[in-house]
Amino acid sequence: MTAFDKIPLHKSLLTGLVLSVAFLSACAVPVDRSDNDPTEIANREVFEFNRRLDKAVIRPVGVVAGTLTPDPVRAGVDNMVKNLDTPGYVVNGLLQGRLENAFSNVFRFGINSTLGVAGIFDPATDFGFPLKETDFGETMHVWGAGEGRYLVVPVLGPTTERDLAGKVVDTLMNPTRAFVSADHKDIVTGLKVAETVYDRYDYLDVIDDALYGSADPYAQARLAYLQNRNHLLGIDSSDDYIDPYEDPYAE
């Protein structure tokens, strides 16, 4: 298992920040992908906004909430969010023609929604049905769509044109939306916000190093996001790597 495999796909706001340090722990880093970033000036402004938001709000709230909340409660919130997102993974699995993944997620959702008490617990993994995460951005990749430009979105962070469109489609087509009443939609939103806050606490040192301990955190996050996304999509980009410790002038 590589460092990239440990990053949950369902994370949004914090994924790019975690990756910017995760990829540095690997043996190599990708070459510059700035050709995919024609709006770099605007992206950097948004990235700086996100960084200020993290420093003023997300980090302090995450530290307080994470410190006061027991580990089992944080794990339960994470499990519930994953369970709510699972029907969307089923739809995308079917659209990608990956029937085994789709049906595995169907069984997983059924088990965790019942025996797992609305997804608070995760007995499905023990029963041999691990989560098969995916999204509509991956579905579009399977269909042949290119990644498009690199973007940084307020609050959501690093993405691409394809993945941003995928996030919108995932939000609209997730079957869970059809079964959650208007009275309970606020609860679902609250769970997702809580998960983001707890993630900030769980990845505290890693994200702090990425945001505040690097000479150019924007460039690191961009390279990390694009390389990790290729890894998740199964794209072989080994030719794009360089050894960061290699002397470029050595013969």
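See above for the structure.
Let us look at the structure shown here. (Residues numbered from 1 in each chain as written. Predicted model: local features only at pLDDT ≥ 70, side-chain atom pairs only at ≥ 80, totals over all residues. Heavy atoms only, no water.)

Quick look at the environment of Val188
Within the secondary structure layout, Val188 lies in helix H9 (residues 182-202). In this structure Val188 comes out as buried when scored by relative accessible area, which is 17%. Taking the C-alpha atoms as reference points, Val188 and Met80, 108 residues apart in sequence, are found 9.1 Å from one another. Filtering out sequence-adjacent residues up to four positions away, Val188 remains in contact with Leu84 and Val180. (Helix = DSSP H or I, 4+ residues; strand = E, 2+ residues; numbered from the N terminus. Buried < 20%, exposed > 50% of the residue type's maximum accessible area, 1.4 Å probe, protein only. Contact = heavy atoms within 4.5 Å.)

Topic: helix H4 (residues 99-114)
In this model, H4 (16 residues) spans 23 Å end to end at C-alpha, consistent with the 22 Å of a helix rising 1.5 Å per residue. For H4, the complete set of buried residues consists of Ala102, Ser104, Asn105, Arg108, Ile111 and Asn112. Contacts from the buried residues of H4 go to helix H3 (71-95) and helix H5 (123-126). (Expected span 1.5 Å × (residues − 1).)

Re unusual backbone geometry
For residues besides glycine, phi is generally negative; the peptide bonds are generally trans as well. Phi angles above zero are rare outside glycine, and Ala118 is one such case at about 60°. Turning to its location among the elements, Ala118 is positioned in the loop between H4 and H5. Assessed through its relative accessible area of 46%, Ala118 is described here as partly exposed.

Structural notes on the packing of aromatic side chains
In total, this model carries 5 aromatic pairs according to the counting rule given. Between Tyr150 and Tyr218 the ring centres are 6.2 Å apart and the planes differ by 70°, which places this aromatic pair in the edge-to-face class. In this pair, Tyr150 is assigned in strand E2 (residues 150-153) and Tyr218 in helix H11 (residues 217-233), connecting sequence segments 68 residues apart. Pair check on accessibility: Tyr150 and Tyr218 agree, each one buried. With 6.4 Å between their ring centres and 55° between their planes, Tyr150 and Tyr225 make a pair best called tilted. With Tyr150 in strand E2 and Tyr225 in helix H11, this pair connects stretches of sequence that are 75 residues apart. What links up through ring pairs into an aromatic cluster is the set Phe47, Tyr150, Tyr218 and Tyr225. (Phe/Tyr/Trp six-rings, centres within 6.5 Å; stacked < 30°, edge-to-face > 60°.)

Some points on the pattern of salt bridges
It is possible for side chains of opposite charge to pair when their charged atoms get near one another. In this structure the tally under the stated criterion is 18 salt bridges. Salt-bridge contacts for Arg44 lead to Glu40; the nearest nitrogen and oxygen are separated by 2.8 Å. Here Arg44 pairs with Glu40, and both are found in helix H2 (residues 40-68), just 4 residues apart, close to one helical turn. A relative accessible area of 23% means that Glu40 is categorised as partly exposed. A residue is classified by how much of its surface remains accessible, and Arg44, at 30% relative accessible area, is partly exposed. Bridged by salt links that share partners, the residues Asp37, Glu40, Arg44, Asp216 and Arg222 form one connected network. (Salt bridge = Lys/Arg side-chain N within 4 Å of Asp/Glu carboxyl O.)

Describing the environment of Pro175
Relative to the elements of secondary structure, Pro175 occurs in the loop between helix H7 (161-173) and helix H8 (176-179). Ignoring any residue separated from it by four or fewer positions in sequence, one finds Pro175 in contact with Pro87, Gly88 and Val91.

What to know about the packing of H2 against helix H10 (residues 204-212)
Viewed as axis vectors pointing N to C, H2 and H10 meet at an angle of 155°, and their least axial separation amounts to 11 Å. Here H2 lies roughly antiparallel to H10, going by the angle between them. With respect to the hand of their crossing, H2 and H10 are arranged in left-handed fashion. Of H10, the residues touching H2 (which contributes Phe47, Arg51, Asp54, Lys55, Arg59 and Val63) are Leu204, Asp208, Leu211 and Tyr212. A class-by-class count of the residues in the contact of H2 with H10 yields 5 nonpolar, no polar and 5 charged. (Axes fitted to C-alpha atoms, helices over the stretch in contact; angles between N-to-C directions. Parallel < 35°, antiparallel > 145°, perpendicular 65-115°, else oblique. Left-handed = near helix turned anticlockwise from the far one by under 90°. Nonpolar A, V, L, I, M, F, W, Y, C, P; charged D, E, K, R; others polar.)

A few points about the pairing of strand E3 (residues 157-160)
Pairing of E2 with E3 involves 4 bridges; the strand directions are antiparallel. Note on E3: the bridge partner recorded for Val153 is Gly157. (Pairing = 2+ DSSP bridges.)

Digging into the pairing of E2
Of the two faces of E2, both are covered, the one formed by Tyr150 and Val152 as well as the one formed by Leu151 and Val153. Between the antiparallel neighbours E2 and E3 lie 3 residues, among them Val155 with a positive phi of about 75°.

Details of the packing of H2 against H9
At their nearest, the axes of H2 and H9 sit 8 Å apart, and the two run at 85° to each other. Taken together, H2 and H9 sit at an angle that is classed as roughly perpendicular. In this structure, H2 uses Asp54, Ile58, Arg59, Val61, Gly62, Val63, Ala65, Gly66 and Thr67 to contact H9, whose residues at the interface are Val197, Tyr198, Arg200 and Tyr201. Among the residues forming the contact of H2 with H9, the class breakdown is 7 nonpolar, 3 polar and 3 charged.

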